[in-house]
Amino acid sequence: MAPNTADTALWPAPHASGAVDATVHVPGSKSVTNRALVLASLASEPGWLRRPLRSRDTLLMAGALRAMGIEIEEGVGPDGTGEAWRVLPTGLRGPATVDVGNAGTVMRFLPPVAALADGPVRFDGDPRSYERPLNGVIDALRQLGARIDDDGRGALPLTVHGSGALDGGPVAIDASSSSQFVSALLLSGPRFNQGVEVRHTGATLPSMPHIRMTVDMLRAVGAQVDTPESGGEPNVWRVTPGALLGRDLVIEPDLSNAQPFLAAALVTGGKVVIPDWPARTTQPGDRLREIFTEMGGSCELTEFGLVFTGSGSVHGIDVDLSEVGELTPGVAAVAALADSPSTLRGVAHLRLHETDRLAALTKEINELGGDVTETADGLHIRPRRLHGGIFHTYDDHRMATAGAIIGLAVEGVQIENVATTAKTLPDFPDLWTGMLGA
Ligand SMILES: O=C(O)C1=C[C@@H](OP(=O)(O)O)[C@@H](O)[C@H](O)C1
Ligand SMILES: C=C(OP(=O)(O)O)C(=O)O
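None of these values were measured; they are calculated from a predicted model.

Let us look at the site of ligand 1. Taken together, 13 residues lie around ligand 1, and Ser31, Arg35, Ser178, Ser179 and Glu326 are the ones closest in. Measuring from an oxygen atom of ligand 1, one finds a side-chain N or O atom of serine 179 at 2.6 Å. A distance of 3.3 Å is found between an oxygen atom of ligand 1 and a side-chain nitrogen or oxygen belonging to histidine 349. Burial of ligand 1 by the surrounding chains reaches 96%, relative to a free accessible area of 390 Å². Those elements that place two or more of their residues in the shell around ligand 1 are helix H1 (30-42) and helix H3 (104-114). A per-element tally of the shell around ligand 1 places H1 first, with three residues. Residues of the shell around ligand 1, tallied by class, amount to one nonpolar, nine polar and three charged. Looking at the shell around ligand 1, you find at least three residues from each of domain 1 (10-27 + 253-436) and domain 2 (30-250).

Pasting the structure below:
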């Protein structure tokens, strides 16, 4: 299946003529929207998602759930204001066909849901989806009693032969290549006959905030979850079987997608306000407050949202990004413009994201005159005077936004296929030019 965004069109990244000063309304979180869609589909009563993200990844998730028989109505919210989706859970059906695109959340979260359907569910996606690890989910579902046909590589394409129910119970997996393996099994766990006990056996586990997000959202719909943090064994999560409630959930803005706008304030010495920044959240993007402060900015959470101000100086950073890997491309872009070197660590698993992000960032920044080297688990970035040129994006939304950050400070940067930002932020070019024109 071809990616829907593979084009080579070039977008001249706007150069900032001065300090930005703007308020940017960032659309809803991909990770929260896709978890909310799955949980609402597994519930025993209808639910609402208010201010959901409408992007390629979330529309693929909604389309997949619809293919399995769930009704998702798009319209206004229960109080008549704002956009909302109403989810009407029904019996999960097969046969069905699911296009995962290149959405990690769709390819990992839905095979366990498909095991509960009453017929075969075929999963396929973009060429890159065939290369992204899925073995943790496939092996675990087999251990839990599911029948799956695949080509033996532990990846897409595959068919889950749903039989209407799954035994569930204890399972051991190595989730060092993606936290989404753990989240996937926990999300459907309440609907397995014996619930699920997931034991992670690998040496490392990335993206812990995303696992906490899964646990928090499960608890919010009435699931009982025991975690290492709630006094359980290290690396073991337990979900008790039980019915899930339909909720009326307001989706938070996507804080990882706030990154390029905060970066704009940092690299231009300007100010950007992000309304509705949550005071408490499991989103990894909340770590930007700390990371970009260390890199030279300052921020304050006010009644208007997060107010982030650049100082005019950008500093290098030595940081372990293992918990917040999806922030790496944006941090690397800022680091390439800093006044001192940076070391980004703990992100070896990014080689298996939308593209090999460590190789892509190294190549593209170096082709603009930079000095980046790959390490075993990250990047060394020594800032150099950069020049214009084409910034290739490899169908990776975060490569496109990273290139746009560099383009603010470097004249003549052209972003290949900026439309790839539609994976999680379809309005990016307009939001970006709006921010600069404000
Ligand atoms: O569960 C989620 O919503 C996500 C988990 C992380 O995946 P990995 O653990 O595979 O890095 C993150 O990078 C991805 O953008 C979203
Ligand atoms: C890694 C990412 O996405 P996915 O959900 O496809 O894993 C990302 O958005 O940075």
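More follows now that the structure is in view.
For the rest of this paragraph, the subject is the site of ligand 2. Around ligand 2, 14 residues are found, and the nearest of them are Lys30, Gly104, Arg132, Arg398 and Lys423. Taking lysine 30, its side chain carries an N or O atom lying 2.7 Å from an oxygen atom of ligand 2. Within the contact set of ligand 2, an oxygen atom lies 2.6 Å away from a side-chain nitrogen or oxygen of arginine 398. When the free accessible area of ligand 2 is taken as 300 Å², the share hidden by the protein chains comes to 97%. Tallied by class, residues from the shell around ligand 2 come to one nonpolar, six polar and seven charged. Here the shell around ligand 2 spans two domains, and each of domain 1 (10-27 + 253-436) and domain 2 (30-250) adds at least three residues to it.

Attention shifts here to the environment of threonine 302. Its place among the elements puts threonine 302 in strand S16 (residues 298-302). By relative accessible area, which is 26% here, threonine 302 ends up partly exposed. A sequence separation of 27 residues divides threonine 302 from proline 275, and the C-alpha atoms of the two residues are 9.1 Å apart.

Our next topic: the sheet that holds strand S20 (residues 371-374). Spatially, the four strands line up as an open sheet ordered S18-S19-S21-S20, and their pairing is mixed. Looking at strand neighbours, the two that pair on one side only are strand S18 (318-320) and S20, the edges of this open sheet. Ignoring strand direction, the axes of neighbouring strands in this sheet form an average angle of 10 degrees. Contacts between helix H9 (residues 328-335) and the sheet are confined to strand S19 (342-345) and strand S21 (379-382), with S19 contributing the most and set at about 170 degrees to the helix.

Calculation notes
Residues numbered from 1 in each chain as written. Chains lettered and ligands numbered in written order. Predicted model: local features only at pLDDT ≥ 70, side-chain atom pairs only at ≥ 80, totals over all residues. Heavy atoms only, no water. Near = heavy atom within 4 Å. Polar contact = N/O pair within 3.5 Å; in protein donor to acceptor, adjacent residues only side chain to side chain. Areas by Shrake-Rupley, 256 points an atom, 1.4 Å probe, with all protein chains shown as cover. Helix = DSSP H or I, 4+ residues; strand = E, 2+ residues; numbered from the N terminus. Nonpolar A, V, L, I, M, F, W, Y, C, P; charged D, E, K, R; others polar. Domains from an automatic or database assignment. Buried < 20%, exposed > 50% of the residue type's maximum accessible area, 1.4 Å probe, protein only. Pairing = 2+ DSSP bridges. Axes fitted to C-alpha atoms, helices over the stretch in contact; angles between N-to-C directions. Contact = heavy atoms within 4.5 Å.

Keep in mind these numbers describe shape, not what the thing actually does.
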